[in-house]
Each structure stands twice: as structure tokens, then as C-alpha cells.
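Structural characterization, general
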Amino acid sequence: MNGRPNDHLVRLAHSHLYPGITFEAPPDATDFLLLFTDDSESRTRLLRDTAGRPVLRVGARMNPKGTVVDEQVWEVRELVEDGDLLVLRLGNPIPAAPTR
């Protein structure tokens, strides 16, 4: 296995992402696994675009019906540290976001 193993699992209360969805993640979770209610999962990275704004890159996944959901990049509209958690609120999906 290359790199650091994935230390974080974030369970969502939905089977998909959408603008305005809010979820909690560990504050140091720059690389974590999203688990959707349909039991599909996706490797997810919290990154910055070229302007320094946070974006969420959600890897491709296959749902239980065999449908492939392509990788998506989402605007992070809100990013708040709340005690031992990081609260993210997504904006719109973006077609391509250069990240660093």
C-alpha cells in the first residue's frame, strides 16, 4: 500500500451529495472515506483550489445497483471548526478545479 492508510470514515445520512449538504469530519481529515447510506463509499480529499478556496474532491464510486458515480469536485461553501469536529457545507459541484 502506498502512502498513509485512510484513518477516517465519515458516514453520511444520504445516498448522494447535493448543494447545501452539511456533514462533520475530524478536524485533521484532509483524506477520508465517505460512506453513503446505500453502502457505497468514496475516497475524499479536502483540498484548495488555485485561489486558496477549499474544495472537496470525491472519488468515483459504484453504488449497489452497479451504477458508477464519477469523481466530483465540490465547492465548500462553509468550513467551521466545532470542537473536535470540522463542519463542511457544500456549495455546487464544479466541472474541474485545479488544486494544489
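Everything discussed here concerns the structure shown above.
In what follows, the accompanying structure is described. Everything numeric here is computed off the predicted structure, so don't read it as measured data.

1. Notes on the pattern of salt bridges
In this structure the tally under the stated criterion is four salt bridges. Asp-31 is the salt-bridge partner of Arg-43, the closest N and O atoms lying 2.6 Å from each other. Of the two residues, Arg-43 sits in strand β4 (residues 41–48) while Asp-31 sits in strand β3 (residues 31–35), which places them 12 residues apart along the sequence. We classify Asp-31 as buried; its relative accessible area is 16%.

2. Concerning the environment of Leu-9
Inspection of the secondary structure puts Leu-9 in strand β1 (residues 9–11). Its relative accessible area of 43% is what places Leu-9 among the partly exposed residues. Along the sequence, Leu-9 and Pro-26 sit 17 residues apart, while their C-alpha atoms lie 9.0 Å from each other.

3. Considering the pairing of strand β2 (residues 22–25)
Burial of β2 is one-sided: the residues Phe-23 and Ala-25 facing one way are buried, the residues Thr-22 and Glu-24 facing the other way are not. Bridge analysis of β2 against strand β9 (residues 85–94) gives four bridges, and the strand direction is antiparallel. Directly across from Thr-22, in β9, lies its bridge partner Arg-89.

4. Brief notes about the sheet that holds β2
The pairing of strands in a sheet comes from backbone hydrogen bonds and takes either a parallel or an antiparallel form. Read from one edge to the other, the open sheet built from seven strands follows the order β1-β3-β4-β5-β8-β9-β2, with strand pairing classed as mixed. The open sheet has two edge strands, β1 and β2, and neither has a second partner. Each neighbouring strand pair of the sheet contributes to a mean axis angle of 35°, computed without reference to strand direction.

5. Quick word on the packing of aromatic side chains
In total, this model carries zero aromatic pairs according to the counting rule given. Directly above the aromatic system of Phe-36 lies the positively charged group of Arg-61, at a separation of 3.7 Å from the ring centroid.

Analysis parameters
- Residues numbered from 1 in each chain as written.
- Predicted model: local features only at pLDDT ≥ 70, side-chain atom pairs only at ≥ 80, totals over all residues.
- Heavy atoms only, no water.
- Salt bridge = Lys/Arg side-chain N within 4 Å of Asp/Glu carboxyl O.
- Helix = DSSP H or I, 4+ residues; strand = E, 2+ residues; numbered from the N terminus.
- Buried < 20%, exposed > 50% of the residue type's maximum accessible area, 1.4 Å probe, protein only.
- Pairing = 2+ DSSP bridges.
- Axes fitted to C-alpha atoms, helices over the stretch in contact; angles between N-to-C directions.
- Phe/Tyr/Trp six-rings, centres within 6.5 Å; stacked < 30°, edge-to-face > 60°.
- Lys NZ or Arg CZ within 6 Å of the ring centre and 35° of its normal.

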